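Examining the three-dimensional arrangement
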Amino acid sequence: MSGITLVNQVKASKFLSGVLQPVANAFVNAAGYRKLGLRYDDVLREETDIIREAVNRLPDNEGYERVYRMKVAFQYSLSHTIATKDATLKPEDDIRYLTPIIDEVAAEFAEKEDFNNIKSYSK
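Residues numbered from 1 in each chain as written. Predicted model: local features only at pLDDT ≥ 70, side-chain atom pairs only at ≥ 80, totals over all residues. Heavy atoms only, no water.

The name given to the protein chain in an unreviewed UniProt entry is Cytochrome b-c1 complex subunit 7, with the source organism recorded as Linnemannia elongata AG-77. Within the UniProt record for the protein chain, the comment given under Function (unreviewed entry) is "Component of the ubiquinol-cytochrome c oxidoreductase, a multisubunit transmembrane complex that is part of the mitochondrial electron transport chain which drives oxidative phosphorylation." If you open the UniProt record of the protein chain and go to Subcellular location (unreviewed entry), you find "Mitochondrion inner membrane". (UniProt positions renumbered as here; feature names shortened; annotations may be inferred.)

In structure tokens:
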């Protein structure tokens, strides 16, 4: 997951975090995944090798909970309803359980790619 990131600068600046935090909260509420009982990492697409490998590295209980949350959200979607107030995910419960593993796997894949692209010179 390479690219330019301004996360540290925004977190360090009171002004920027004060301006951008309400925008971020509005975006999360508009996304609606919490209303279905899902966490942020539940909605990441498993189409890349990195995320697929990170999901495979999850502990068994976390993997089972993830599948359960997805099945419940799918059921809500089929019935065109949303979770009740007590079943809706609260912001403090929306923890990133998969993102640290994704970062670890991405670093390993990058290291493997660098290692595979080493050019050897013989005399």
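This paragraph deals with the overall build of the protein chain. Of regular secondary structure, the protein chain possesses five helices and zero strands. Taking 123 residues into account, the globule formula puts the C-alpha radius of gyration at 14 Å, and the protein chain, at 19 Å, lies well above it. Taken along the three principal axes of its C-alpha coordinates, the protein chain extends 70 × 40 × 20 Å. Looking at the protein chain as a whole, 21% of its 123 residues qualify as buried. The long-range fraction of contacts in the protein chain, counting pairs at least 24 apart against all pairs at least 6 apart in sequence, stands at 74%. Put simply, the protein chain shows about 9800 Å² of open surface, and 58% of that area lies on carbon and sulfur atoms. (Helix = DSSP H or I, 4+ residues; strand = E, 2+ residues; numbered from the N terminus. Rg over C-alpha atoms; globule rule 2.2 N^0.38 Å. Buried < 20%, exposed > 50% of the residue type's maximum accessible area, 1.4 Å probe, protein only. Contact = heavy atoms within 4.5 Å. Areas by Shrake-Rupley, 256 points an atom, 1.4 Å probe, with all protein chains shown as cover.)

There is a patch of nonpolar side chains on the surface, built from Phe15, Leu16, Val19 and Leu20 and spanning about 370 Å² of accessible area. Mapped onto the secondary structure, leucine 16 falls in helix 2 (residues 14-31). (Patch = residues over 30% accessible without salt bridge, like charges linked within 9 Å, V, L, I, M, F, W, Y side chains within 5 Å. Salt bridge = Lys/Arg side-chain N within 4 Å of Asp/Glu carboxyl O.)

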